[in-house]
Amino acid sequence: MSLTRKDEHINLAQKQKNKSNYFDNILLESDDLPNLSIDDIDLSSTFLGYDIPYPFYINGMTGGSQKALEINDFLSKIANHYHIPMMSGSQSIMFKDPSSIKSFEIIRKNHKGIVISNINPNMTLEMAMQSIEAMQSNALAIHLNVIQELVMKEGDRDFRKWEDNIKYIHSNLNIPVIIKQVGAGFSNKSINKLVNIGIKHIDVSGSGGTSFIDIESSRGNSDYNFLKGFEIDTANILLNLKKYEGVNFYASGGIRNPMDVIKSLVLGANACGLSKWFLDLTQLTFEEALKKVDQFITDLKKIMIILGVSKVSELSRVPYTLI
Ligand SMILES: Cc1cc2nc3c(=O)[nH]c(=O)nc-3n(C[C@H](O)[C@H](O)[C@H](O)COP(=O)(O)O)c2cc1C
């Protein structure tokens with residue numbers, strides 16, 4: 001396994017700083033008579049039809065290189081410790097470099113809970129099934145990243161197969177399929193198209209966190225800042241989300257802290273995907289990382305108390321204002 005594009009993504013993503021985003025413009029109404037104890041708070045939710053103990057998961061990041069193997073090893077041990085779902089990064093590298101499969105298999109080796117495979121929409125059904133097989137995955141994610149591909153020197157330029165491939169893979173698998181963006185955010189038009197082809201699980205993955213326009217601009221030594229107008233902030237997507245019967249939405253992209261998780265749930269998400277937040281943990285020792293996740297969970301409970309809400313399902317009734 002060699003230094004890959006994925007390693008460059010990791011290095012550049014680690015350098016990106018937390019920035020303010022539209023979650024900061026949302027104010028939730030507090031309750032000074034909450035009539036609750038912290039022990040009453042139940043953070044359980046659902047993800048892809050599975051029950052999960054906390055309303056967040058480790059979102060798709062990496063695989064392929066030695067460094068990716070180490071990151072997946074570290075994060076899958078954390079996922080197992082908390083019984084939280086973990087999605088791998090794109091598994092397309094498995095089909096170019098068979099030795100890279102180890103960096104994905106390690107996730108299932110460590111994690112007895114919910115594991116999600118991750119492919120791009122050019123893959124065949126057979127490749128999707130091999131990706132699932134490598135981790136005995138409980139679900140499949142297909143990521144849509146048109147802007148990232150177009151910004152990448154070596155990226156795709158032909159997107160004619162995507163919609164049919166997704167439809168075909170989705171209708172031939174007997175595990176849940178989630179379609180996700182990669183931090184630029186799904187427009188209403190994209191969401192509508194996904195719903196029309198029968199997709200039931202969508203991670204809007206908007207902007208406000210990791211930006212692949214920035215990452216690929218640095219990699220390619222080019223300036224694609226002018227495409228930033230296409231990035232849609234995660235909180236903004238959630239605020240304008242139409243309700244579709246039977247369709248579940250998840251929020252990722254710029255989820256920086258427990259407050260952003262709670263705000264996403266108030267705005268209708270079932271759970272949140274965190275990438276950069278978990279990537280930052282890989283700089284710590286395992287014990288230090290566990291302390292950070294413990295604190296994150298405790299802080300989610302504290303926010304629920306402040307809102308006077310004991311269950312995740314009640315959060316959608318919390319009033320909010322925009323500033
Ligand atoms: C280093 C890195 C690599 C990523 N690789 C993938 C990938 O292979 N497949 C994918 O679906 N998303 C990938 N993503 C996108 C994330 O899943 C997520 O959509 C995006 O980073 C926004 O979340 P964040 O702001 O919490 O980082 C990657 C993100 C990072 C930081």
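For the structure itself, look to the data block above.
Rules of the game
Each chain has its residues counted from 1, following the order in which its sequence is written. In keeping with the model being predicted, local features are shown solely for residues with a pLDDT of at least 70 and side-chain atom pairs are shown and tallied solely at 80 or more, while totals for entire chains, interfaces and linings include all residues. Values reported for side chains reflect all heavy atoms of the structure, with hydrogen atoms and water molecules removed beforehand. Helix and strand definitions follow DSSP, with helices as H or I runs of at least four residues and strands as E runs of at least two, each counted in order from the N terminus. Two residues form a contact once any of their heavy atoms are found within 4.5 Å. For the area figures, the Shrake-Rupley method with a 1.4 Å probe applies, and any residue is considered shielded solely by the protein chains shown. Positive charges come from Lys and Arg alone, negative charges from Asp and Glu alone, with His and the N- and C-terminal ends not counted. Note that the charge is assigned to NZ on lysines, CZ on arginines, CG on aspartates and CD on glutamates. Two N or O atoms count as a polar contact when they lie within 3.5 Å, although within protein this holds only if one can serve as hydrogen donor and the other as acceptor, and sequence-adjacent residues are included solely when both atoms are side-chain atoms. Any residue under 20% of the maximum accessible area for its type is buried, any over 50% is exposed, and the rest in between are partly exposed; the area is computed with a 1.4 Å probe on protein chains only. Between any two strands, pairing holds if DSSP finds at least two bridges. For helices, the fitted line uses only the C-alpha atoms of the stretch in contact; every axis is such a line through C-alpha atoms, and the angle between N-to-C directions lies from 0 to 180 degrees. Orientation labels follow simple angle bins: below 35 degrees gives roughly parallel, above 145 gives roughly antiparallel, 65 to 115 gives roughly perpendicular, and whatever is left gives oblique. For any helix crossing, the convention is left-handed if the near helix is rotated counterclockwise from the far helix by under a right angle, and right-handed if that rotation is clockwise. Under the scheme applied, nonpolar residues are Ala, Val, Leu, Ile, Met, Phe, Trp, Tyr, Cys and Pro; charged residues are Asp, Glu, Lys and Arg; polar residues are all the others, including Gly. The rule for a salt bridge is simple: a side-chain nitrogen of Lys or Arg has to be within 4 Å of a carboxyl oxygen of Asp or Glu. Aromatic pairs are defined between Phe, Tyr and Trp rings, using the six-membered ring for Trp, whenever the two ring centres lie within 6.5 Å; interplanar angles under 30 degrees are classed as stacked, those over 60 as edge-to-face, and all others as tilted. Throughout, near means a residue has at least one heavy atom within 4 Å of the molecule or strand.

A. The overall build of the protein, seen in detail. Regarding its fold elements, the protein presents 12 helices and 12 strands. C-alpha atoms of the protein, sized along the principal axes, occupy 60 × 40 × 40 Å. Partitioning the contacts of the protein with sequence separation of at least 6, the portion at a separation of at least 24 is 74%. Surface exposure of the protein reaches about 14,400 Å², of which carbon and sulfur atoms provide 50%. The average position of the 34 basic charges and that of the 36 acidic charges among the side chains of the protein differ by 4 Å.

B. Local environment of the side chain of Arg-256. Following the sequence through the fold, Arg-256 ends up in the loop between β10 (248–252) and α10 (258–266). Only 2.8 Å separates the side chain of Arg-256 from the side chain of Asp-24, close enough to count as a polar contact. With residues near it in sequence (within four places) discarded, Arg-256 still touches Asn-18, Lys-19, Ser-20, Asn-21, Phe-23, Asp-24 and Trp-277.

C. The environment of Pro-85, seen in detail. Relative to the elements of secondary structure, Pro-85 occurs in the loop between α2 (66–82) and β5 (86–87). Sequence-wise, Pro-85 and Glu-149 are 64 residues apart; in three dimensions their C-alpha atoms are separated by 27 Å. Beyond its immediate stretch of four places on either side in the chain, Pro-85 contacts Phe-47, Ile-52, Phe-56, Tyr-57, Ile-58, His-111, Ile-114 and Ile-116.

D. Representation of the pairing of strand β6 (residues 115–119) in the model. Among the five residues that make up β6, five are buried, leaving the element largely enclosed by the rest of the structure. Side chains Val-115, Ser-117 and Ile-119 project from β6 onto one buried face, and the interleaved Ile-116 and Asn-118 project onto a second face that is buried too. Bridging between β5 and β6 involves two bridges; their strand directions are parallel. Its bridge partner being in β6, Met-87 is matched across the sheet by Ile-116. By the bridge criterion, four bridges tie β6 to strand β7 (residues 139–143) in an arrangement that is parallel. Within β7, the position partnered with Ile-116 by the bridge is Ala-139.

E. The packing of α2 against helix α12 (residues 286–307), seen in detail. Between α2 and α12, the shortest axis-to-axis distance is 11 Å and the interhelical angle comes to 45°. What the angle tells us is that α2 and α12 run oblique. The crossing of α2 and α12 is right-handed. Of the residues in α12, those touching α2 at Phe-74, Lys-77, Ile-78, His-81 and Tyr-82 are Phe-286, Ala-289, Leu-290, Val-293, Asp-294 and Ile-297. Counted by class, the contact of α2 with α12 contains eight nonpolar, one polar and two charged residues.

F. Broad picture of the pairing of strand β8 (residues 177–180). Burial along β8 is two-sided: Val-177 and Ile-179 facing one way and Ile-178 and Lys-180 facing the other are all buried. Here β7 pairs with β8 via four bridges, running parallel. Residue Leu-140 lies in a different strand from β8, and its bridge partner there is Val-177. Strand direction decides the pairing type here: β8 and strand β9 (residues 201–203), joined by three bridges, are parallel. Counted as the bridge partner of Ile-178 is His-201 from β9.

G. Spatial organisation of the environment of Ser-92. Along the chain, Ser-92 turns up in the loop between β5 and α3 (102–110). Separated by 132 residues in the primary sequence, Ser-92 and Tyr-224 have C-alpha atoms spaced 25 Å apart.

H. Just the side chain of Arg-108, in detail. Note on placement: Arg-108 falls in helix α3. It turns out Arg-108 is buried and unbridged, and the closest side chain with the opposite charge, Glu-133, is 10 Å from it. A polar contact is formed between the side chain of Arg-108 and the backbone oxygen of Met-135, at a distance of 3.0 Å. If sequence neighbours within four positions are ignored, Arg-108 has contacts with Gly-113, Val-115, Met-135, Gln-136, Ser-137 and Asn-138.

I. Region of interest: the packing of aromatic side chains. Scanning the model with the defined rule gives 10 aromatic pairs in all. Centre to centre, the rings of Tyr-54 and Phe-56 are 6.1 Å apart; their planes meet at 25°, and the pair counts as stacked. Here Tyr-54 and Phe-56 have matching classes, each one buried. An angle of 70° between the planes, with centres 5.2 Å apart, marks the rings of Phe-56 and Phe-296 as edge-to-face. Taken together, the residues span a long stretch of sequence, with Phe-56 in strand β4 (residues 56–58) and Phe-296 in helix α12 at a distance of 240 residues. Relative accessible area serves as the criterion here: at 3%, Phe-296 is assigned to the buried category. Put simply, the rings of Tyr-54, Phe-56, Trp-277, Phe-278 and Phe-296 pair up and form one aromatic cluster.

J. Looking closely at the site of the ligand. The immediate surroundings of the ligand are formed by 23 residues, with Lys-6, Gly-60, Met-61, Ser-205 and Thr-210 found nearest. Within the side chain of Ser-205, an N or O atom sits 2.6 Å from an oxygen atom of the ligand. Here the ligand, which alone exposes 600 Å², has 98% of that area covered by the protein. For the shell around the ligand, the residue count by class is five nonpolar, 15 polar and three charged.

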